[in-house]
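Architecture and fold: a report
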Amino acid sequence: MKKKIVYSFLSIVLILILSAYSIPKTQDGNKEKFVVVLDAGHGGHDPGNRGNGYKEKDISLKVVLAVGQALEKDDRFEVVYTRKTDKFIELHERGKIANKAKADLFVSVHCNSHHSQAFGTETFVLGLHANEENFNVAKNENSVILLEDNYEANYDGFDPNSPESIIGLILSQEEYLDQSLTLASFVQNRFNKTLKRKSRGVKQAGFVVLHQTYMPSVLIELGFLTNTKEGKYLNSKKGQQEMAKSIITSIIDYKESLDAAYYVPETETPEVVNNDSITKVVGEQLFDGITFKVQIAAGSNNIELKPENFNGLDQLSKIQFGELYKYYFGSTSNYNLINELKRVAVDKGYPSCFVVALKDNELIPLSEALKIDTSSN
């Protein structure tokens, strides 16, 4: 009962703080490449978890190096590493590396542990831990700060063992939650659909390493080293290469989806007539089997779909991803129409909204959706 009261109190305080606080991201219009910072968890005198005798620091580094090597061969990307060797890097320094690089994306790779034979992948974005399990995962990863010199000053009194300390972590990342959730969804879908790994979902928790970054960021738990079968797989060259390949594809999907958001198909310019919240578009670019929506918000709160809760917008829907909810405006296979609806959402107070695509009720990269043949339409 006491835990529920603490969590409820934190949630209320969080809402009040977020309503008055945000940190805008500085855009660099001259930057030609998409900068990805790859962070291999732990290192040096911090081995991470050692389930079944394996070392988390070694596995996370091998996967990160494989991801980076592939991305470096793609001219669209610039890769920055927080570490490329068995070296201990303080958590606050990892964030500084990403911020200095003006990164577009921060990806931290780890391995999980549990006292049972639990198994499966999960990808975290920064947020208030929704339950004790998520808090424990974050606490394990955050406890590395206790190995750092002068950590009290570096983290302003943060206590990795205190649920109350988590409240301050999520403020700087709130603006990037939507984008972080999109990448996290791509990662989990690839692990599950391509590699047939059990997905434990996309989750929120208070990770210090994510708090330090001012860009879309995710923390990937590749699986449980404490699970006999999964630990052996993750410690193998085959397992590491397969997990790396899924992460590579997910990052590329994410980048191409951002590019696709600014792509306009070659078709006649639609004539738009606005009447309150009703938008009519003349000129069609239909994509068979694809549903486009405008994502306007995301978070752990289950909000009732009423216009008054979304600045007067109607045509609302939501999809639950694990413990999180994504909120959408509009639903159509007409790409011209959805871009007009995006403009409506921006005018209604959602400047960071973006178009997403679903096929068979599952989120897919927008770039993949736009490759669907529309010649028959």
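Just so we're clear, the structure is a prediction, and the values are computed from it rather than from any experiment.

Here's the deal with the nonpolar core
Leu38, Val67, Val107, Leu222, Ile247 and Ile251 are the most contacted members of the largest nonpolar core, which totals 48 residues. Per-element accounting of this core gives the leading share, seven residues, to helix α6 (residues 177-193). Once residues lying within four places of it in the same chain are set aside, the contact partners of Ile251 are Val36, Leu38, Val67, Leu71, Phe77, Leu105, Val107 and Leu183. Grouped together as the second largest cluster of nonpolar side chains are 26 residues, Ala345, Tyr350, Cys353 and Ala369 included.

Comments concerning the pattern of salt bridges
All told, the structure shown has 13 salt bridges when counted by the stated rule. Lys57 is the partner of Asp86 in a salt bridge, and the nearest nitrogen-oxygen pair spans 3.0 Å. Of this pair, Asp86 sits in the loop between β2 (77-81) and α3 (91-100) while Lys57 sits in helix α2 (residues 56-72), placing them 29 residues apart in sequence. On the accessibility criterion, Lys57 (8% relative accessible area) is buried. Of the charged contacts, one joins Asp253 and Arg190 as a salt bridge, the two residues approaching to 2.8 Å between their closest N and O atoms. With Asp253 in helix α9 (residues 237-260) and Arg190 in helix α6, the pair connects residues that are 63 residues apart, well separated along the chain. By relative accessible area, which is 24% here, Arg190 ends up partly exposed. Salt bridges sharing partners connect three or more residues here, namely Asp74, Arg76 and Glu256.

Digging into the environment of Glu304
Here Glu304 is to be found in the loop between β9 (290-299) and β10 (316-321). Along the sequence, Glu304 and Lys318 sit 14 residues apart, while their C-alpha atoms lie 9.4 Å from each other. Among all residues touching Glu304, those that are not within four sequence positions of it are Asn309 and Phe310.

Concerning the confidence of the model for the protein
When the pLDDT values of the protein are averaged, the result is 76; 68% of them are 70 or greater. Helix α1 (residues 2-18) is the least confidently modelled element of the protein, averaging 36 in pLDDT, while helix α8 (residues 228-234) averages 98, the highest of any element. Below a pLDDT of 50 lies the segment residues 162-173, which in the model reaches 42 contacts outside its immediate sequence neighbourhood of four places, other chains included.

Let's talk about the packing of aromatic side chains
Aromatic rings considered in pairs are described by the distance between their centres and by the relative angle of their planes. Evaluation of the coordinates by the stated rule reveals six aromatic pairs. For the pair Phe287 and Phe292, a centre-to-centre distance of 5.5 Å together with 90° between the ring planes defines the contact as edge-to-face. For Phe292, a relative accessible area of 0% puts it in the buried group. Pairing Phe310 with Tyr327 gives two aromatic rings, centres 5.4 Å apart and planes at 40°, and the pair type is tilted. Of this pair, Phe310 sits in the loop between β9 and β10 while Tyr327 sits in strand β11 (residues 324-332); the two residues are 17 residues apart in sequence, bridging distant segments of the chain. Linked through ring pairs, Phe34, Phe77 and Tyr254 together constitute an aromatic cluster. The cationic tip of Arg197 hangs over the ring face of Tyr233; the distance from NZ or CZ to the ring centre is 3.9 Å. Residue placement shows Lys198 over the ring face of Phe119; its charged tip is 4.8 Å from the ring centre.

Digging into the sheet that holds β11
Strand order in the open sheet formed by five strands is β10-β11-β9-β12-β13, and the pairing between neighbours is antiparallel. The open sheet has two edge strands with one neighbour each: β10 and β13 (362-364). Mean inter-strand twist for the sheet, computed between neighbouring axes without regard to direction, equals 45°. As judged from the three bridges shared by strand β12 (residues 354-359) and β13, these two strands associate in the antiparallel manner. The residue bridging Lys359 from the neighbouring strand is Glu362, located in β13.

As for the environment of Glu256
As for its placement among the helices and strands, Glu256 is situated in helix α9. Between the C-alpha atom of Glu256 and that of Glu368, which follows or precedes it by 112 residues, the distance is 8.5 Å. Leave out the neighbours within four places in its chain, and Glu256 touches Arg76 and Ser367. Only 3.4 Å separates the side chain of Glu256 from the side chain of Ser367, close enough to count as a polar contact.

Scoring rules and cut-offs
- Residues numbered from 1 in each chain as written.
- Predicted model: local features only at pLDDT ≥ 70, side-chain atom pairs only at ≥ 80, totals over all residues.
- Heavy atoms only, no water.
- Core = buried A, V, L, I, M, F, W, Y, C linked by side-chain atoms within 4.5 Å.
- Buried < 20%, exposed > 50% of the residue type's maximum accessible area, 1.4 Å probe, protein only.
- Helix = DSSP H or I, 4+ residues; strand = E, 2+ residues; numbered from the N terminus.
- Contact = heavy atoms within 4.5 Å.
- Salt bridge = Lys/Arg side-chain N within 4 Å of Asp/Glu carboxyl O.
- pLDDT = per-residue confidence, 0-100.
- Phe/Tyr/Trp six-rings, centres within 6.5 Å; stacked < 30°, edge-to-face > 60°.
- Lys NZ or Arg CZ within 6 Å of the ring centre and 35° of its normal.
- Pairing = 2+ DSSP bridges.
- Axes fitted to C-alpha atoms, helices over the stretch in contact; angles between N-to-C directions.
- Polar contact = N/O pair within 3.5 Å; in protein donor to acceptor, adjacent residues only side chain to side chain.

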